[in-house]
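For reference, the chains in residue letters:
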Amino acid sequence: MVGPRHPKSHLPGSRSPGATRRTALGLMLGAPVLSACAGVQQSLSQFSNPFSSSTPPAQPAGPQQQATTAGTGGVKVGLILPLSAAGNAGLAAQSMRNAAEMALAEFQNPNIQLLIKDDNGSPQGAQAGAQQAVDEGAEIILGPLFAQSVPAVAQVARTRGIPVIAFSTDSSIAGRGVYLLSFLPESDVNRIVEYSAGIGKRSFAVLVPDNAYGNVVEAAVKAAVPRRGGRIVAFEKYGADRATPARTVAQQLGSADALFMADDGDAVVSVADAMTAAGANLRNIQLLGTGLWDNPRVYASSALQGGLYAAPDPAGFRAFSGRYRTKYGAEPIRTATLSYDAVALVAALARTQGGQRFSSDVLTNPSGFAGIDGLFRFRADGTNERGLAVMKVTQGGGVAVAGSPKSFGA
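Residues numbered from 1 in each chain as written. Predicted model: local features only at pLDDT ≥ 70, side-chain atom pairs only at ≥ 80, totals over all residues. Heavy atoms only, no water.

**Student:** Could you give an account of the overall build of the protein chain, with specific residues and numbers?
**Tutor:** Within the protein chain, the regular secondary structure consists of 12 helices and 18 strands. Within the span of the protein chain, comprising 410 residues, buried residues form 58% of the whole. Counting only carbon and sulfur atoms, one obtains 48% of the accessible surface of the protein chain, whose full area is about 15,400 Å². (Helix = DSSP H or I, 4+ residues; strand = E, 2+ residues; numbered from the N terminus. Buried < 20%, exposed > 50% of the residue type's maximum accessible area, 1.4 Å probe, protein only. Areas by Shrake-Rupley, 256 points an atom, 1.4 Å probe, with all protein chains shown as cover.)

**Student:** So, the nonpolar core: which residues are in play, and what are the values?
**Tutor:** If you look at the biggest cluster of nonpolar residues, it comprises 75 residues, and the most contacted ones within it are Ile112, Leu114, Leu142, Ile165, Phe167, Phe260 and Phe320. Leaving out residues up to four positions away in the same chain, Leu142 has contacts with Val77, Gly78, Leu79, Ile80, Ile165, Phe167, Ala342, Val343 and Val346. Counting residues in each nonpolar core, the second largest holds 32 residues, with Ala234, Met261, Val298 and Tyr309 among its members. (Core = buried A, V, L, I, M, F, W, Y, C linked by side-chain atoms within 4.5 Å. Contact = heavy atoms within 4.5 Å.)

**Student:** Help me get a handle on the confidence of the model for the protein chain, residues and values and all.
**Tutor:** Note: predicted coordinates in regions of low pLDDT should not be interpreted at a detailed level. Scored by pLDDT, the protein chain has a mean of 86; 84% of the residues are at 70 or more. The model gives residues 1–58 a pLDDT under 50, and that stretch makes 194 contacts with residues more than four places away or in other chains. (pLDDT = per-residue confidence, 0-100.)

**Student:** Any chance you could break down unusual backbone geometry for me, citing the residues and the numbers?
**Tutor:** When glycine is set aside, most residues are seen to have a negative phi, and most peptide bonds are trans. Along the chain, Gly143 connects to Pro144 via a cis peptide bond; the corresponding omega equals 0°. Relative to the elements of secondary structure, Pro144 occurs in the loop between β6 (140–142) and α4 (150–159). Even without glycine at this site, Asn109 takes up a positive phi of about 55°. Here Asn109 shows up in the loop between α2 (87–107) and β5 (112–118). Judged by relative accessible area, which is 74%, Asn109 ranks as exposed.

**Student:** Quick one: what's the story with the sheet that holds strand β17 (residues 389–394), residue by residue and with numbers?
**Tutor:** Ordered in space as β10-β9-β11-β12-β13-β17-β18, the 7 strands form an open sheet in which the pairing is mixed. Looking at the sheet topology across the chains shown, the edges are occupied by β10 (231–238) and β18 (397–402). Strand after strand, the sheet turns through a mean of 30° between neighbouring axes, direction not considered. The sheet contact formed by strand β9 (residues 203–209) and strand β11 (residues 258–261) spans 4 bridges and is parallel. Counterpart to Ala205 in the pairing with β11 is Leu259. Packed onto the sheet, helix α5 (residues 185–198) meets β9, β11, β12 (286–289), β13 (308–311), β17 and β18 and runs at close to 135° relative to β13. (Pairing = 2+ DSSP bridges. Axes fitted to C-alpha atoms, helices over the stretch in contact; angles between N-to-C directions.)

**Student:** Describe the packing of aromatic side chains, naming the residues involved and giving the relevant values.
**Tutor:** Under the definition given, this model contains 8 aromatic pairs. Taken together, a centroid distance of 4.8 Å and an interplanar angle of 50° make the contact between Tyr324 and Tyr328 tilted. Here Tyr324 pairs with Tyr328, and both are found in helix α10 (residues 315–328), just 4 residues apart, close to one helical turn. In this arrangement the basic side chain of Arg334 is found over the ring face of Phe317, its NZ or CZ atom lying 4.2 Å from the centre. A cation over a ring is seen here: Arg386 above Phe183, with NZ or CZ 3.8 Å from the ring centre. (Phe/Tyr/Trp six-rings, centres within 6.5 Å; stacked < 30°, edge-to-face > 60°. Lys NZ or Arg CZ within 6 Å of the ring centre and 35° of its normal.)

**Student:** Summarise the sheet that holds β5; cite the residues concerned and give the values.
**Tutor:** Taken in spatial order, the 6 strands of this open sheet run β3-β5-β4-β6-β7-β8, and their pairing is mixed. The sheet is open, and its two edges are formed by β3 (68–70) and β8 (178–180), each paired on a single side. Strand-to-strand twist of the sheet, defined as the mean angle between neighbouring strand axes without regard to direction, takes the value 25°. In the packing of α2 onto the sheet, the strands contacted are β3, β4 (75–81) and β5, and the crossing angle to β5 comes to about 170°. Against the sheet, helix α3 (residues 123–135) touches β4, β5 and β6, its axis set at about 150° to β5.

**Student:** An account of the pairing of β10 is requested, with residue identities and associated values reported.
**Tutor:** Note that β9 and β10 share 7 bridges and pair parallel. If you follow Ala205 over to β10, its bridge partner there is Ala234.

**Student:** Provide a residue-level description of the pairing of β18, including the pertinent values.
**Tutor:** Bridge count between β17 and β18: 5 bridges; the pairing is antiparallel. Bridged to Val393 within β18 is Gly398. Between β17 and β18, which pair antiparallel and follow one another directly, the connecting turn spans 2 residues.

**Student:** Describe the environment of Glu194, naming the residues involved and giving the relevant values.
**Tutor:** With respect to the element layout, Glu194 can be found in helix α5. By relative accessible area, which is 33% here, Glu194 ends up partly exposed. In the structure, Glu194 is positioned 31 residues away from Val225 in sequence and 8.2 Å away in space, judged by C-alpha atoms.

**Student:** So what's going on with helix α8 (residues 265–277)? Residues and values would help.
**Tutor:** In a regular helix each residue adds 1.5 Å, so 13 residues correspond to 18 Å; α8 covers 19 Å between its end C-alpha atoms and thus fits that length. Gly265, Ala267, Val268, Val269, Val271, Ala272, Ala274 and Met275 are the residues of α8 that are buried. Buried residues along α8 sit against β9, β10, α7 (243–252), β11 and α9 (296–300). Gly279 occupies a position one or two residues after α8 and carries a positive phi of about 100°. (Expected span 1.5 Å × (residues − 1).)

Printed below as a string of structure tokens:
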């Protein structure tokens with residue numbers, strides 16, 4: 001469901017007069033209900049955390065599914081997912097496939113055909129699927145999901161000059177012609193620091209895990225805070241021992257007006273409890289987090305009440321979930337919005353952008369695109385920027401205190 005994003009935008013499915021390079025294309029989609037889907041975690045931690053979809057499951061995968069197609073349009077698009085992967089990965093892949101086909105149905109006669117390939121949850125399978133797709137005429141590839149499979153797909157795509165829009169959250173694999181549509185920790189950090197500075201927070205204490213996710217967040221927060229005129233007055237990483245770093249930060253908390261803790265569910269609750277045990281009064285400081293805070297354990301924690309975190313406005317996923325339930329009789333996995341938006345985006349570009357539809361200039365349009373989870377735009381380096389809401393932790397769940405932006409700044 002797509003139309004140009006400007007004041008005279010056309011409704012989804014209507015004929016558009018075309019679009020210029022700087023015209024943003026809107027995926028006019030409605031909107032979350034974080035409920036269970038065959039036991040698959042529904043929180044935002046699933047696609048804000050690089051570990052959630054970076055490595056295939058340890059269990060053996062099932063038999064590889066036969067390649068299929070969806071749609072009858074003239075523009076061919078590869079879609080690579082771990083459909084036969086074991087456990088939650090396979091369940092997520094099926095939900096993402098359903099969402100992709102739902103986007104085709106809702107777009108109203110798109111001129112695209114999906115070439116759906118099962119990568120079996122492995123780089124070798126992903127490379128084979130990509131090779132099949134390009135041999136069959138694919139002009140762009142959507143997927144894969146696992147980070148370690150993306151380079152294998154990129155290798156095939158680059159030999160043909162074909163772009164890739166992947167679903168991994170590992171920004172280190174983005175690059176020339178390889179764009180990530182997932183939610184990246186950098187967007188969370190930038191949004192929450194920007195908002196905090198806007199409400200007068202200038203001195204930040206920071207606690208992050210000593211792992212790959214923590215490393216990404218560390219780099220982002222150390223760049224974002226001074227950019228917004230603030231300073232970091234305390235910074236610690238923690239591993240299995242959370243008490244010692246918590247004591248160190250607690251001793252310096254008097255010179256801070258915000259405490260940023262980037263971890264998910266059980267972990268961030270344990271860190272908050274360690275801070276309290278170290279003598280910190282968390283009610284006297286503004287607590288800040290990332291999209292990983294979208295977790296029932298966080299909402300239930302008395303120590304984290306009133307904390308702020310950046311995440312998509314939940315309205316989009318709520319509406320999307322309702323339509324998905326009506327069509328498939330089940331709940332979508334949270335990452336299903338990624339494949340929906342990817343298909344809706346390529347359908348819109350195929351309709352409006354002519355022969356340049358998947359060029360780097362079109363894909364990196366600075367005005368961006370509006371999807372189910374809000375605004376997004378691809379950077380030239382393959383990473384993305386998202387327009388996120390700011391949510392507040394309450395015992396009833398996350399409550400928006402600042403909506404997602406309606407347009408990107410320069």
